[in-house]
There are 12 protein chains.
Amino acid sequence: MSDHVYKQIKLTGSSTEGIEGAVNNALAKASRTVKNMRWFQVVDTRGHIENGQVAHWQVTIEVGFTLED
Amino acid sequence: MSDHVYKQIKLTGSSTEGIEGAVNNALAKASRTVKNMRWFQVVDTRGHIENGQVAHWQVTIEVGFTLED
Amino acid sequence: MSDHVYKQIKLTGSSTEGIEGAVNNALAKASRTVKNMRWFQVVDTRGHIENGQVAHWQVTIEVGFTLED
Amino acid sequence: MSDHVYKQIKLTGSSTEGIEGAVNNALAKASRTVKNMRWFQVVDTRGHIENGQVAHWQVTIEVGFTLED
Amino acid sequence: MSDHVYKQIKLTGSSTEGIEGAVNNALAKASRTVKNMRWFQVVDTRGHIENGQVAHWQVTIEVGFTLED
Amino acid sequence: MSDHVYKQIKLTGSSTEGIEGAVNNALAKASRTVKNMRWFQVVDTRGHIENGQVAHWQVTIEVGFTLED
Amino acid sequence: MSDHVYKQIKLTGSSTEGIEGAVNNALAKASRTVKNMRWFQVVDTRGHIENGQVAHWQVTIEVGFTLED
Amino acid sequence: MSDHVYKQIKLTGSSTEGIEGAVNNALAKASRTVKNMRWFQVVDTRGHIENGQVAHWQVTIEVGFTLED
Amino acid sequence: MSDHVYKQIKLTGSSTEGIEGAVNNALAKASRTVKNMRWFQVVDTRGHIENGQVAHWQVTIEVGFTLED
Amino acid sequence: MSDHVYKQIKLTGSSTEGIEGAVNNALAKASRTVKNMRWFQVVDTRGHIENGQVAHWQVTIEVGFTLED
Amino acid sequence: MSDHVYKQIKLTGSSTEGIEGAVNNALAKASRTVKNMRWFQVVDTRGHIENGQVAHWQVTIEVGFTLED
Amino acid sequence: MSDHVYKQIKLTGSSTEGIEGAVNNALAKASRTVKNMRWFQVVDTRGHIENGQVAHWQVTIEVGFTLED
């Protein structure tokens, strides 16, 4: 593990369900093109309001993945 | 959208269920008097503990709403 | 309440379910040895990714408890 | 000046021109209902993009005003 | 306590005596119009200088109060 | 809007004119290769000085764009 | 001094008098069990409000003490 | 460039025009006594309000200059 | 006021009495050589502990003063 | 230099030797695919521990490089 | 790994050699009483100066270790 | 020690060797004109890159020194 180099990208996912769903949706779309994702960190949690209720959650994460040799 | 002016207020809601519930409870009470709420951002997530378990979650949000003409 | 002194410790709990579960797991293990826990604050929310999905959530909290006389 | 009490509110104004215009627009609308505004601090500078260009700037300020006796 | 919703406002009070006096002055004036204030947090401590001495202290606090039903 | 996933990149643009120009220059160059840019946030404002005057402004922004399906 | 190792703990003390009293109360109780305390840093200043006045101050400090050989 | 040592000072300039003007005014006055200024970073943007409009902008910058041999 | 340029310096004062005394001591010594000091902001509050009690407070402030013409 | 646009990426490198080695390892791998890297900033310094000793250092940097015409 | 609970403690180590040495010295002393240390994060890097040179480095780290069952 | 007043200045030193060297170079040059330097804190660690390698490190420190009577 000590000789890996990681790159981190910043993604924002959305969900009508909650924070966990928004993170999962971001990862699901990113995993189509980014391989070897290892960890994430939540850096912002927001949401849109309609009619006085949460319409959807928007969660921004940083995702670390291994740079392949 | 470019000619709107928004005001942001800071609210703390509680829930025995979790973060999403605490945000919803804060919005439900605020919506009685604040109209045109558009978005929120979570700025603090805390909770009270009783008998070694989470008794309730307390989530502080900033809520943006349109200043009406 | 005004004459209590509190100590805060920093814990990281994990869960495959989500943020609330990770906090509950941290408190459950800490409560075996720490008495009089009163509140917590979430200070970091991370997670591990396997096969493009969240494998488990890791939530770091600060927990305040009363120093007994 | 030493015996005044100030309240601060948080506003977001928009402008197609730039940062200064967005602040002025926020103050212009707020001044209809808030008297005795004394100072502001810029706390966030954002904007929306259309066709690869800035469509409008969105600047969030905290505004301090004197609480009247 | 778990079903309350709190609103937080930001106030700046002044005093020639010190930090505690500035907070008390801010609360004294706010209490004329805001009911059910529960807690505060100091977020900025400043002051004005005249003739090389502190002329008055200016302390900014966030004050949480219960939104009534 | 709730089912989009956004990626954010960090860019620094320069201008002899000012902050707005530096942001526009960054977006103009990025728009050649990045499609669907939606918003930006200013995260750093700097500049170089020559002969006691601002020689050029350097503004760093985070730019969010939609990940296409 | 260069070969010492210090540990830091986080404490919250309370006082009806003010910030200095809250710090002193925290140290007084901690000193019953923690030896060799060397310095502290104030990291949070809060308080509870009753009847529109400060009921007690709550000050959180980090305290550094020497790990004995 | 690798063997230079820089010192940074913190200045606040004012302008009725905007942010760029306030920075230029700060540099113009500082350049009378400080030589070899190389770069600046904006660390605070504030302003005074009169009659509901910006009376003047106040921008605080850190300025780096070369310590001469 | 709009055409002044201010410089800010960072000072740490000490006192066995408390925060206010430490700020006053810093200003008293600085005023021997620095003229036209206008305001200060507390940026760090620390202290030394001896025998389980506060031996002296150390408060760090930023002080703004007018650059003379 | 005033007409360049830079992009910043975030990398984490590892080394058993120390901070400098971890940065060098991150740059060495990135330089295979990223051209025109100009500067970096250290944003996080961590490490893994085995048997009570540092097993390897993990340093996260932001790297700025010129967007080519 | 997903069912572990970690506790974090904050330590400051010193060294005349540099940052890496200060971290190692902190870990060496802590490892006498703390088992299962897994990772650290550098949170502050300071030092003492004598005769215009670094006399020793002081590095503060947070150390995470597994709470045993 | 309790009656000293300290002033802090901000310096950036460079070195091709690493962080420790950059701090030493900053102190060496500053010590020609600043007496009684007591401590420093690292506040920024950056560097320039040439040919995909670190060309030199740039470390910014705050240095505290005693104001003489």
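I will try to describe carefully the structure that is included in this document. (Residues numbered from 1 in each chain as written. Chains lettered and ligands numbered in written order. Predicted model: local features only at pLDDT ≥ 70, side-chain atom pairs only at ≥ 80, totals over all residues. Heavy atoms only, no water.)

## Brief notes about the interface of chain A and chain B
- Listed per partner, the contact involves 14 residues of chain A and 14 residues of chain B.
- Summing the contributions of chain A and of chain B, the shared interface buries around 1,100 Å²; its carbon and sulfur component is 60%.
- Applying the counting rule to chain A against chain B returns zero salt bridges.
- Seen at the junction of chain A and chain B, the total is five residue pairs in polar contact (both at pLDDT 80 or more).
- Looking at the side of chain A that touches chain B, the elements with two or more residues in it are α1 (19-30), β2 (37-50) and β3 (53-66) of chain A.
- Per-element tally for the side of chain A that touches chain B: the top contributor is β2(A), with six residues.
- Of the residues belonging to the side of chain A that touches chain B, the class tally is four nonpolar, six polar and four charged.
- Pairing of β2(A) with strand β2 (residues 37-50) of chain B involves three bridges; the strand directions are antiparallel. The partner of A:His48 across the bridge, within β2(B), is B:Trp39. (Contact = heavy atoms within 4.5 Å. Buried area = accessible area lost by both parts, 1.4 Å probe. Salt bridge = Lys/Arg side-chain N within 4 Å of Asp/Glu carboxyl O. Polar contact = N/O pair within 3.5 Å; in protein donor to acceptor, adjacent residues only side chain to side chain. Helix = DSSP H or I, 4+ residues; strand = E, 2+ residues; numbered from the N terminus. Nonpolar A, V, L, I, M, F, W, Y, C, P; charged D, E, K, R; others polar. Pairing = 2+ DSSP bridges.)

## Points about the relation of the copies chain A and chain B
- Superposing chain A onto chain B requires a rotation of 120° together with a translation of 0.0 Å along the rotation axis, leaving an RMSD of 0.0 Å. Considering both components of the superposition, the chain copies are consistent with a three-fold axis. Taking the C-alpha atom as reference, chain A places A:Ile19 closest to the rotation axis, 4.9 Å from it.
- Different-surface contact between copies: only 14% of interface residues of chain A are shared with the interface of chain B. (Least-squares fit on C-alpha atoms with pLDDT ≥ 70 in both.)

## Considering the arrangement of the chains
- One thing to see here is that chain F and chain G don't touch, and their nearest C-alpha atoms sit 25 Å from each other.
- At their nearest point, the C-alpha atoms of chain C and chain H are still 25 Å apart, with no contact between the two.

## Description of the environment of A:Lys29
All names here are of chain A.
- In this structure, Lys 29 sits in helix α1.
- Lys 29 sits in the buried class, given a relative accessible area of 11%.
- Once the C-alpha coordinates of Lys 29 and Gly 13 are considered, the two residues, 16 residues apart in sequence, prove to be 9.0 Å apart. (Buried < 20%, exposed > 50% of the residue type's maximum accessible area, 1.4 Å probe, protein only.)

## Structural notes on the side chain of E:Gln8
- Along the chain, E:Gln8 falls in strand β1 (residues 6-15).
- Polar side-chain contacts of E:Gln8 include one of 3.2 Å to the side chain of B:Thr12.
- Leave out the neighbours within four places in its chain, and E:Gln8 touches B:Lys10, B:Thr12, B:Thr60, E:Trp39, E:Glu62, E:Val63 and E:Gly64.

## Some points on the interface of chain I and chain G
- Opposite the 14 residues of chain I that make contact, chain G presents 14 residues.
- Across the chain I to chain G interface the summed buried area is about 1,100 Å²; carbon plus sulfur atoms make up 60%.
- If you sort the residues of chain I by the area they bury against chain G, I:Arg46, I:Ile49 and I:Trp57 come out on top, with a joint share of 46%.
- If you look at where chain I meets chain G, you find zero salt bridges.

## So, the pattern of salt bridges
- All chains considered together, the criterion is met by 24 salt bridges over all chains.
- Close ionic contact of B:Asp44 with B:Arg46 constitutes a salt bridge, the shortest N to O distance being 2.7 Å. Each member of the pair, B:Asp44 as well as B:Arg46, is classed as buried.
- Here H:Lys10 makes a salt bridge to I:Glu62, at a shortest N to O gap of 2.9 Å.

## With respect to the packing of aromatic side chains
- The final tally for this structure, using the stated rule, is 24 aromatic pairs over all chains.
- Ring centres of G:Phe40 and I:Trp57 lie 5.2 Å apart, and the angle between their planes is 80°; this geometry places the pair in the edge-to-face category. Of this pair, G:Phe40 sits in strand β2 (residues 37-50) while I:Trp57 is found in strand β3 (residues 53-66), placing the two residues in two different chains.
- Residue classification places G:Phe40 among the buried positions, given a relative accessible area of 0%. (Phe/Tyr/Trp six-rings, centres within 6.5 Å; stacked < 30°, edge-to-face > 60°.)

## Comments concerning the side chain of J:Glu20
- Tracing the backbone through its elements, the reader meets J:Glu20 in helix α1 (residues 19-30).
- L:Arg46 provides the closest opposite charge to the buried, salt-bridge-free J:Glu20, at an N-O distance of 15 Å.
- In terms of polar contacts, J:Glu20 uses its side chain to reach the backbone amide nitrogen of L:Ile19, at 2.8 Å.
- Residues contacting J:Glu20, with those up to four places away along its chain left out, are K:Glu20, L:Glu17, L:Gly18, L:Ile19, L:Glu20 and L:Trp57. (Lys, Arg positive; Asp, Glu negative; His and termini not counted.)

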